[in-house]
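# Secondary and tertiary structure notes
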Amino acid sequence: MTGTTTEHARIVIVGGGLEGLAVAWQLAERGETDVLVLERDTLCAGMTGKSSGIVRCHYGVPSLAAMAWYGVQVFTRAEEILGTDIGFRQTGYVVGVGENNVEPLHSNVEMHRALGVPVDLIDADAVRSLWPGIHLDDFTGFAYEPLGGHGDAYLTGMAYGARARALGVRIRQSNNVVRLVSDDVGAVRGVVCADGTEILCDTVVLATGVWSPALAATAGVPLPIRAQREQLVLVDQGEPTPDVPTFSDLVHLQYIRREPNGHLLVGNSDHSDPEIADPDAYLNRATEDFVETAIGKLDRILPGMPDPRLASSYAGCYDITPDYNPIIGPAPVEGLFLAVGFSGHGFKISPAVGRLAADLLLDGISSDPAVDGNEFRYSRFDEGKPLASLHPYAGAGEMR
Ligand SMILES: Cc1cc2nc3c(=O)[nH]c(=O)nc-3n(C[C@H](O)[C@H](O)[C@H](O)COP(=O)(O)OP(=O)(O)OC[C@H]3O[C@@H](n4cnc5c(N)ncnc54)[C@H](O)[C@@H]3O)c2cc1C
């Protein structure tokens, strides 16, 4: 081992984004406060700040639906639980499918109901009453979650961090971890920071999102994670959009939410041809092609937009795994725990990610019978057992 040992913590969390801070918060709630979070930039300065913040329980993997449902319950009571407004807006959530996907829609809704999620199958008239003027000829079926909507991932992450700090967790920003420290038998024993400081601990939690593979490699752990660039556009319809539900369009493969100023945030759900990018050097705006496609799709469902124009755009990167689901659990070397690979849907499940990680770190088992902690294991890819939807949607399998 090299460097100067300046500190010891029971648990060091590398990465002060949404997931690292959720883990810190839930550990602290469980009474484990000998925790040090190391963030190389400022808190939530990574991909968390780019999140669209869509909140829905509509998953085909029951554990994920249960995790999202726990998330909805935490977000709904955020002021009481986290002591602050986290920007959750319960607009309701609608998912619309074409004829080919009606069967999985019904099966998924049945599964969600069994988990206690309030959700209804509704018809086009009911959707039109929620969103006057929406054009739905391309759709055959809809599900509606009245408690869904969208949140603010930055505010939420900062609230986790503030609560963790209030309970005794230490958080250091501007603290770049350059490598993990391993002992003679390969077990991880700590981290080394850019200034040469060595911090020893019982467990390192890796929560460094798209930047995780390089750091994990320093402990000899290969991570099957790549950065997938995603483009987002903000559309001004020409007049402010009224209060409408968040909408997942599984026919044209995009999602739409209303911004507080009445613009629409439009994101892509077509992952058939992912653009793999360098998370430190990618085009941080939408291309003309993307804007044209996104507005064309939007025009199919909102043909009456008075004077649509692009208000702004940006891009972010998902930390995708081969099955578009996270890795939450021990790494194949002792002393390292992974909370990585959230694949573009880590916001809504973040309260449950924190809870599951705390459960696994402190007890070795999930405390929620509806959430099988083992499903997110690192080894599932090598075992050839990717985590898959029970009722997949044709053309829109990922993140569902
Ligand atoms: C464009 C976009 C849209 C999304 N939309 C949604 C959505 O609608 N709904 C939903 O549920 N989810 C959504 N997500 C996913 C969700 O926002 C992410 O899963 C989540 O924010 C990721 O949090 P994280 O903590 O894993 O990563 P990050 O927020 O990226 O945090 C990782 C942190 O690690 C730090 N770090 C990296 N390397 C080091 C190092 N060596 N030393 C110290 N610190 C380091 C980084 O600076 C960063 O702050 C979206 C994501 C993106 C990118």
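Cut-offs used in this document
- Residues numbered from 1 in each chain as written.
- Predicted model: local features only at pLDDT ≥ 70, side-chain atom pairs only at ≥ 80, totals over all residues.
- Heavy atoms only, no water.
- Phe/Tyr/Trp six-rings, centres within 6.5 Å; stacked < 30°, edge-to-face > 60°.
- Helix = DSSP H or I, 4+ residues; strand = E, 2+ residues; numbered from the N terminus.
- Buried < 20%, exposed > 50% of the residue type's maximum accessible area, 1.4 Å probe, protein only.
- Lys NZ or Arg CZ within 6 Å of the ring centre and 35° of its normal.
- Contact = heavy atoms within 4.5 Å.
- Pairing = 2+ DSSP bridges.
- Axes fitted to C-alpha atoms, helices over the stretch in contact; angles between N-to-C directions.
- Near = heavy atom within 4 Å.
- Polar contact = N/O pair within 3.5 Å; in protein donor to acceptor, adjacent residues only side chain to side chain.
- Nonpolar A, V, L, I, M, F, W, Y, C, P; charged D, E, K, R; others polar.
- Domains from an automatic or database assignment.
- Buried area = accessible area lost by both parts, 1.4 Å probe.
- Salt bridge = Lys/Arg side-chain N within 4 Å of Asp/Glu carboxyl O.
- Parallel < 35°, antiparallel > 145°, perpendicular 65-115°, else oblique.
- Left-handed = near helix turned anticlockwise from the far one by under 90°.
- Core = buried A, V, L, I, M, F, W, Y, C linked by side-chain atoms within 4.5 Å.

A separate point is the packing of aromatic side chains. Across all of its chains, the model carries six aromatic pairs by this definition. On the numbers, 5.0 Å between centres and 15 degrees between planes, the contact of phenylalanine 75 with phenylalanine 347 is stacked. On the criterion of sequence distance, the pair formed by phenylalanine 75 in helix H2 (residues 62–76) and phenylalanine 347 in the loop between strand S18 (336–340) and helix H9 (350–362) is long-range, its members being 272 residues apart. The buried category is assigned to phenylalanine 75, whose relative accessible area is 3%. Residue class for phenylalanine 347 comes out buried when judged on its relative accessible area of 5%. Ring centres 5.7 Å apart and planes at 65 degrees place the aromatic pair phenylalanine 139 and phenylalanine 247 in the edge-to-face group. On the criterion of sequence distance, the pair formed by phenylalanine 139 in the loop between helix H5 (124–130) and strand S6 (141–145) and phenylalanine 247 in strand S13 (residues 246–249) is long-range, its members being 108 residues apart. Phenylalanine 139 sits in the buried class, given a relative accessible area of 8%. The structure contains a cluster of three or more aromatic residues connected by ring pairs, namely Trp131, Phe139, Phe142 and Phe247. Over the ring of tyrosine 59 we find arginine 56; its NZ or CZ atom is 4.4 Å from the centre of that ring. Sitting over the face of the ring of tyrosine 70, arginine 355 holds its NZ or CZ atom 3.8 Å from the ring centroid.

Looking at the secondary structure, you find asparagine 175 in the loop between strand S8 (170–172) and strand S9 (177–182). Other than its neighbours up to four places away in sequence, asparagine 175 contacts Leu38, Glu39, Arg40 and Cys193.

The strand order across the open sheet built from eight strands is S5-S6-S4-S13-S14-S15-S12-S16, with neighbouring strands paired in mixed fashion. On the outer flanks of this sheet lie strand S5 (120–122) and strand S16 (309–320), each paired with one strand and no other. Each neighbouring strand pair of the sheet contributes to a mean axis angle of 20 degrees, computed without reference to strand direction.

Our focus in this paragraph is the site of the ligand. Around the ligand there are 33 residues in total, and Glu39, Thr48, Ser51, Ile54 and Lys348 lie nearest to it. Leucine 18 has a polar backbone atom sitting 3.2 Å from an oxygen atom of the ligand. Contact distances for the ligand include 3.0 Å between an oxygen atom and a backbone N or O atom of glutamate 19. Sorting the residues of the shell around the ligand by element identifies helix H1 (18–29) and S16 as the ones contributing at least two each. A per-class count over the shell around the ligand returns 14 nonpolar, 14 polar and five charged. Lining the shell around the ligand are residues from two domains, each supplying at least three of them: domain 1 (4–50 + 154–224 + 323–380) and domain 2 (91–147 + 226–320).

On to the domain arrangement of the protein. Segmentation of the protein into domains returns domain 1 (4–50 + 154–224 + 323–380) and domain 2 (91–147 + 226–320). Computed from C-alpha atoms alone, the centre-to-centre distance between domain 1 and domain 2 is 31 Å. Of the roughly 1,200 Å² buried between domain 1 and domain 2, counting both surfaces, carbon and sulfur atoms make up 56%. It is Lys50, Val210 and Tyr324 in domain 1 that bury the most area against domain 2; as a group they hold 48% of the surface buried on that side. Applying the counting criterion to the domain 1 and domain 2 interface returns zero salt bridges. Here domain 1 and domain 2 share eight residue pairs in polar contact (both at pLDDT 80 or more) between them.

Running from N to C, H1 and H9 cross one another at 55 degrees; their axes reach a closest spacing of 8 Å. In terms of orientation, H1 and H9 fall into the oblique class. Where H1 crosses over H9, the two elements pack in a sense that is right-handed. Where H1 approaches H9, its residues Leu18, Glu19, Ala22, Val23, Trp25, Gln26 and Leu27 are matched on the opposing element by Ser350, Pro351, Val353, Gly354, Arg355, Ala357, Ala358, Leu361 and Leu362. Residue classes in the contact of H1 with H9 are distributed as 11 nonpolar, three polar and two charged.

Here the focus is the nonpolar core. With 77 residues, the main nonpolar core has Ile13 and Met67 as its most contacted residues. A per-element tally of this core places H2 first, with nine residues. Taken together, domain 1 (4–50 + 154–224 + 323–380) and domain 2 (91–147 + 226–320) each give at least three residues to this core, which thus spans both. Apart from the residues within four sequence positions on either side, methionine 67 is in contact with Ile328, Lys348, Ile349, Ala352, Val353, Leu356, Val371 and Phe376. By size, the runner-up hydrophobic cluster in this structure holds 28 residues, among which are Leu36, Val188, Leu206 and Leu338.

Our focus in this paragraph is the side chain of threonine 197. The topology assignment puts threonine 197 in strand S11 (residues 197–206). A polar side-chain atom of threonine 197 sits 2.6 Å from a polar atom in the side chain of aspartate 195.

All right, on to the pattern of salt bridges then. Applying the stated rule across the entire model yields 22 salt bridges. Across the pair arginine 128 and aspartate 125 runs a salt bridge whose closest N-O atoms are separated by 2.7 Å. With arginine 128 and aspartate 125 both in helix H5 and three residues apart, the pair spans about one turn of that helix. Taking relative accessible area as the criterion, arginine 128 reaches 33% and is therefore assigned partly exposed. With its nearest N and O atoms 2.7 Å apart, the salt bridge here joins arginine 300 to aspartate 138. Within this pair, whereas arginine 300 is found in helix H8 (residues 288–301), its partner aspartate 138 is found in the loop between H5 and S6, the two being separated by 162 residues in sequence. Connected via shared salt-bridge partners are Glu7, Asp34, Arg170 and Arg172.

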